[in-house]
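Remarks on the overall topology
The lines below spell out each chain.
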Amino acid sequence: MNDIDESQAPLLDHLIELRRRLLFSAVAVAACFAVCFYFSEQILTFLVKPLLAAGQKRVIFTQIFEAFFVQIKVAFFAAMMLAFPVIANQLWQFVAPGLYRNEKRALFPFLLATPVLFIAGAALAYYVTIPVALHFLLGYQGNLGGVQQEALPSVENYLSFVMQFLFAFGLAFLLPVLLMLLELAGIVTRKQLVGARRYAIVAAFAIAAVATPPDIGSQFLLAVPLILLYELALIAIWFTEKRRAKRDPGEATATDGEIVERR
């Protein structure tokens, strides 16, 4: 019990502290939003580059205020990305006093890995998956019995399309963090995760089918990384089990018993 911080504040003090952390987070988001709104046109230019690379040189807006609200959405989207480290830090400072020292050491790497994995997933979506999906979807343009079929996407529709991909891939890449946290909390074990591998493969393709367009290429570009991340999580959990076994001989005995049982 000596590991935990010596602050057992009443509920009202916890609520005041939570309000303070939320206020800091809101100020960070507002400041980032102001900066991102100033550069919203440049951010939107960056987001439409895959569309331009796919051969589509025109987007439209069908309502007078649509282009303005798109810039607000772009600025808010970018602001949340920029402010995430501040939000995560405020959340950590609120939760950390209630954790033991070993729990802090265990959770801190996950806090650092979360933005890295999210950005990696979003980058894969932007540089690989979105161009593949656009080439497939825009390939339906052409002559249909004398009638010219042409794609005229609205800027809001395209922004929703891009955000769907970025968030889907970013959140999907957090799978190792989720699995390791579940194992650390004792909700699942590595043995259970290994036994559920076949179901995880089916779930990966099901998630890809929902989160991507109906072409096979886009689905594979999400499903295959999900399966690889699942395997990566199993390897990372194996290493953490070995590390815990060295610290706790009793746990090492239990692990040996599981190995004998599997044999």
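Preceding this section is the structure that the text describes.
Please read these numbers as outputs of a predicted model, since none were measured by experiment. (Residues numbered from 1 in each chain as written. Predicted model: local features only at pLDDT ≥ 70, side-chain atom pairs only at ≥ 80, totals over all residues. Heavy atoms only, no water.)

Two elements in contact, helix H1 (residues 11-38) and helix H2 (residues 40-47), have axes whose closest approach is 4 Å; the angle formed by their N-to-C orientations is 70°. In terms of their interaxial angle, H1 and H2 are classed as roughly perpendicular. Taken together, the residues of H2 that come into contact with H1 (itself represented by Cys36, Phe37 and Tyr38) are Ser40, Gln42 and Ile43. Residue classes in the contact of H1 with H2 are distributed as four nonpolar, two polar and no charged. (Axes fitted to C-alpha atoms, helices over the stretch in contact; angles between N-to-C directions. Helix = DSSP H or I, 4+ residues; strand = E, 2+ residues; numbered from the N terminus. Parallel < 35°, antiparallel > 145°, perpendicular 65-115°, else oblique. Contact = heavy atoms within 4.5 Å. Nonpolar A, V, L, I, M, F, W, Y, C, P; charged D, E, K, R; others polar.)

Once the charged atoms of two side chains with opposite charge are near each other, the side chains can pair. Under the counting rule described, the total for this entry stands at five salt bridges. Ionic pairing is found between Lys73 and Glu156, a salt bridge with its closest N-O pair at 2.6 Å. Of this pair, Lys73 sits in helix H4 (residues 66-95) while Glu156 sits in helix H6 (residues 155-172), and the two are 83 residues apart along the sequence. A residue is classified by how much of its surface remains accessible, and Lys73, at 35% relative accessible area, is partly exposed. The exposure class of Glu156 is partly exposed, given its relative accessible area of 28%. The partner of Glu231 in a salt bridge is Arg197, with the nearest N and O atoms 2.6 Å apart. Note that Glu231 is positioned in helix H10 (residues 216-247) and Arg197 in helix H9 (residues 197-211), a separation of 34 residues in sequence. (Salt bridge = Lys/Arg side-chain N within 4 Å of Asp/Glu carboxyl O. Buried < 20%, exposed > 50% of the residue type's maximum accessible area, 1.4 Å probe, protein only.)

Structurally, the position occupied by Glu241 is in helix H10. When sequence neighbours within four positions are dropped, the list of residues in contact with Glu241 reads Glu183 and Arg190.

Of all hydrophobic cores here, the largest spans 30 residues; its most connected members are Ile130, Leu134, Phe161, Val162, Phe165, Leu166 and Leu222. Of all the secondary structure elements, the ones that give two or more residues to this core are H2, H4, helix H5 (101-138), H6, H9 and H10. Tallying contributions element by element places H6 first for this core, with 10 residues. Dropping the residues within four chain positions of it, Phe165 is found in contact with Ala125, Thr129, Ile130, Ala133, Thr212 and Pro213. (Core = buried A, V, L, I, M, F, W, Y, C linked by side-chain atoms within 4.5 Å.)

Side chains of Arg105, Arg243, Lys246 and Arg247 sit close together on the surface and give a patch of like positive charge. One can find Arg105 in helix H5. Arg105 sits in the exposed class, given a relative accessible area of 56%. (Patch = residues over 30% accessible without salt bridge, like charges linked within 9 Å, V, L, I, M, F, W, Y side chains within 5 Å. Areas by Shrake-Rupley, 256 points an atom, 1.4 Å probe, with all protein chains shown as cover. Lys, Arg positive; Asp, Glu negative; His and termini not counted. Charge placed at Lys NZ, Arg CZ, Asp CG, Glu CD.)

What follows concerns the packing of aromatic side chains. In the structure shown here, the tally under the stated rule is 15 aromatic pairs. Residues Phe33 and Phe37 carry aromatic rings whose centres are separated by 6.0 Å and whose planes lie at 25° to one another, so their mutual orientation is stacked. With a gap of four residues between them, Phe33 and Phe37 both fall in helix H1, about one helical turn apart. Its relative accessible area of 27% is what places Phe33 among the partly exposed residues. Taking relative accessible area as the criterion, Phe37 reaches 32% and is therefore assigned partly exposed. (Phe/Tyr/Trp six-rings, centres within 6.5 Å; stacked < 30°, edge-to-face > 60°.)

Let us look at H2. Because the α-helix completes a turn every 3.6 residues, residues three or four places apart line up on one side. Every buried residue of H2 is listed here: Ser40, Leu44 and Leu47. Viewed end-on, H2 has its buried residues packed into an arc of 55°, placing them on one side of the element. (Arc of directions from axis to C-beta.)

Within the span of helix H7 (residues 175-184), buried status applies to Pro176, Val177, Leu179, Met180 and Glu183. The arc that holds the buried residues of H7, viewed along the axis, is 165°, so those residues lie on one side. Looking one or two residues past H7, Gly186 carries a phi angle of roughly 80°, positive in sign.

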